[in-house]
Amino acid sequence: MKHIETKLFKATLLLYIFFLLFSCGRQADSVTKQENKNSLMIPDTIISKYYGNDTGETELFNDDLIKCTMSQVIDGSSCASNIFLYFSSKTKKEIKIETITGQMSWKQKEKVIESPFTLESINAIIFNNDKLIDQSSFLSSKLITNKFKSISGIEDQLTYDITFADPTYKNIPSSIQEVIIDLQFEISINGKLKQYKRQLALKKIFVK
């Protein structure tokens, strides 16, 4: 009797294993078919997005003593966004970039919202008549040394590569219509302080 029960148990176990393998096989086949179906639905061309205009520089301010322009191509698929500021001296007087503050916001469904991207670092580069003199990076605009704040000759240039970044490494959501950047500058010319403000709205552009 015990021998018969053992044989019956083994037969039941084999039947259960066969059923399990059959079910797994059907499930794997179903997953494979679904993956193949999904792969057929993926377009050959990947569409990405960026914000702004890469056709040239945008003038931020321009007076008798100093000119500032900006260029940018903000990649919406990155957790960091860079803008480039070009300061050009039009005088032999000393020009000193005392402070630069920047804030980013987003436009979503016609409503402006606060962005988690904050001004993280500045890479400063000094030029003399288009010749690179020196460069350095700073984690905050408050830490920039005097050497990388000043220009004092006609045609001298100072370039700032400003990085806005999300500390949680998230990129710009696809629902964002515009990236808005508010910039404020305090610039002293021969010791006399001047303030400049500029807001830029960079529209979203899709490229293939």
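Predicted model, so just to flag it, every value in this text is computed and none were measured.

A. Structural view of the nonpolar core. Counting residues in each nonpolar core, the largest one holds 38 residues, and the members touching the most others are L85, F87, Y160, F185 and I187. Secondary structure elements with two or more residues in this core: β2 (58-62), β3 (66-72), β5 (80-89), β6 (95-108), β7 (111-128), β10 (156-165), β11 (178-189) and β12 (192-207). The greatest single-element share of this core, amounting to 6 residues, is contributed by β11. Excluding its chain neighbours within four sequence positions, the residues that come into contact with Y160 are I83, F84, L85, F87, I97, I100, I122, N123, A124, I144, F148 and K149.

B. Broad picture of the pairing of β3. By the criterion of burial, β3 is predominantly enclosed, with 6 of the 7 residues buried. With 4 bridges connecting them, β2 and β3 associate as antiparallel partners. Counterpart to E59 in the pairing with β3 is T69. Two elements, β3 and β5, share 7 bridges in a ladder whose sense is antiparallel. If you follow S71 over to β5, its bridge partner there is F84.

C. The packing of aromatic side chains, seen in detail. What the rule picks out here adds up to 6 aromatic pairs. Seen in terms of ring centroids, F61 and Y196 are 3.9 Å apart; in terms of plane orientation they differ by 15°. Their pairing is stacked. Here F61 is found in strand β2, whereas its partner Y196 is found in strand β12, with 135 residues between them in sequence. Each member of the pair, F61 together with Y196, is buried. With a centroid separation of 5.6 Å and an interplanar angle of 70°, the aromatic rings of F87 and Y160 are classed as edge-to-face. Residue F87 is found in strand β5, and its partner Y160 is found in strand β10; the two are separated by 73 residues along the sequence. Considered together, F87 and Y160 belong to a single accessibility category, that of buried residues.

D. Structural view of the side chain of Q72. Positionally, Q72 belongs in strand β3. The residues touching Q72, leaving out its near neighbours within four places in the chain, are Y51, G52, N53, D54, N82, I83 and L202.

E. Representation of empty space enclosed by the protein. Under the criterion given, the structure shown has 1 cavity of 30 Å³ or more. Approximately 40 Å³ is the volume attributed to the largest cavity. In terms of lining residues, the largest cavity is bounded by I97, E98, T99, I100, I122, S141, I144, K149 and Y160. Looking at the lining of the largest cavity, the element that brings in the most residues is β6, giving 4 residues. The class makeup of the residues in the lining of the largest cavity is 5 nonpolar, 2 polar and 2 charged.

F. Focus on the pattern of salt bridges. In this structure the tally under the stated criterion is 4 salt bridges. Across the pair K107 and E110 runs a salt bridge whose closest N-O atoms are separated by 3.5 Å. The exposure class assigned to E110 is exposed, which follows from its relative accessible area of 60%. Note that D134 and K147 form a salt bridge whose closest N and O atoms lie 2.5 Å from each other. Note that D134 is positioned in strand β8 (residues 131-138) and K147 in the loop between β8 and β9 (150-151), a separation of 13 residues in sequence. On the basis of relative accessibility, which here comes to 25%, the residue D134 falls in the partly exposed class.

Criteria and thresholds
Residues numbered from 1 in each chain as written. Predicted model: local features only at pLDDT ≥ 70, side-chain atom pairs only at ≥ 80, totals over all residues. Heavy atoms only, no water. Core = buried A, V, L, I, M, F, W, Y, C linked by side-chain atoms within 4.5 Å. Buried < 20%, exposed > 50% of the residue type's maximum accessible area, 1.4 Å probe, protein only. Helix = DSSP H or I, 4+ residues; strand = E, 2+ residues; numbered from the N terminus. Contact = heavy atoms within 4.5 Å. Pairing = 2+ DSSP bridges. Phe/Tyr/Trp six-rings, centres within 6.5 Å; stacked < 30°, edge-to-face > 60°. 1 Å grid on protein atoms, 1.4 Å probe; cavity = no way out; pocket = protein on both sides within 12 Å on 5 of 7 lines; lining within 4 Å. Points joined across faces, edges and corners; volume = space filled by probe spheres on them. Nonpolar A, V, L, I, M, F, W, Y, C, P; charged D, E, K, R; others polar. Salt bridge = Lys/Arg side-chain N within 4 Å of Asp/Glu carboxyl O.

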